[in-house]
Amino acid sequence: MFELVPGALVRHPDKPEWGLGQVQSAIGSRVTVNFEDAGKLLIDTSKVSLTVVDPDAEEPDRG
């Protein structure tokens, strides 16, 4: 299992329109993430399970 540490890349499972996010800080269940299309947001990981993205497996958008 991946840890939510600063620099980790994540996606919100219910908000794909937010795009890729990068963890800025993680203190307990409070994780600040800077999303491509939603900006910096505070996520409570006791309520939302962020999906950790492997940067080597991430494909560029084809839009």
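Look up: the structure comes first, before these words.
Remember, predicted model here, so these are calculated numbers, not experimental data. (Residues numbered from 1 in each chain as written. Predicted model: local features only at pLDDT ≥ 70, side-chain atom pairs only at ≥ 80, totals over all residues. Heavy atoms only, no water.)

A. Highlighting the sheet that holds strand β5 (residues 51-53). Sheet architecture is open: five strands sit in the order β4-β3-β2-β1-β5, paired in antiparallel fashion. Across the chains shown, the open sheet's two edge strands, defined by having one partner strand only, are β4 (39-44) and β5. Pairwise comparison of adjacent strand axes, ignoring direction, gives a mean angle of 40 degrees for this sheet. Where strand β2 (residues 21-27) meets strand β3 (residues 30-35), six bridges bridge the pair, whose relative direction is antiparallel. Looking at β3, one finds that Ala26 is bridged to Val31. (Pairing = 2+ DSSP bridges. Helix = DSSP H or I, 4+ residues; strand = E, 2+ residues; numbered from the N terminus. Axes fitted to C-alpha atoms, helices over the stretch in contact; angles between N-to-C directions.)

B. Local environment of the pairing of β2. The pairing of strand β1 (residues 9-11) with β2 spans two bridges and is antiparallel. Bridge pairing in β2 places Leu9 opposite Gln22. With antiparallel pairing between neighbouring strands as the criterion, β2 and β3 make up a hairpin whose turn holds two residues, including Gly28 at a positive phi of roughly 65 degrees.

C. Fine view of the pairing of β3. Across six bridges, β3 lies against β4 in antiparallel orientation. When the sheet's bridge partners are listed, Arg30 is paired in β4 with Asp44. Between the antiparallel neighbours β3 and β4 lie three residues.

D. Representation of the environment of Lys40 in the model. You can see Lys40 is positioned in strand β4. Residue class for Lys40 comes out exposed when judged on its relative accessible area of 56%. Between the C-alpha atoms of Lys40 and Gln22, which are 18 residues apart in sequence, the distance is 9.2 Å. Setting aside anything within four residues of it in sequence, one finds Lys40 in contact with Gln24, Thr32, Val33 and Asn34. (Buried < 20%, exposed > 50% of the residue type's maximum accessible area, 1.4 Å probe, protein only. Contact = heavy atoms within 4.5 Å.)

E. Expanded view of the nonpolar core. Counting residues in hydrophobic clusters, the biggest one holds ten residues: Ala8, Val10, Trp18, Val23, Val31, Val33, Phe35, Ile43, Val48 and Leu50. With three residues, β3 is the single largest residue contributor to this core. Apart from the residues within four sequence positions on either side, Ala8 is in contact with Glu3, Gly21, Gln22 and Val23. (Core = buried A, V, L, I, M, F, W, Y, C linked by side-chain atoms within 4.5 Å.)

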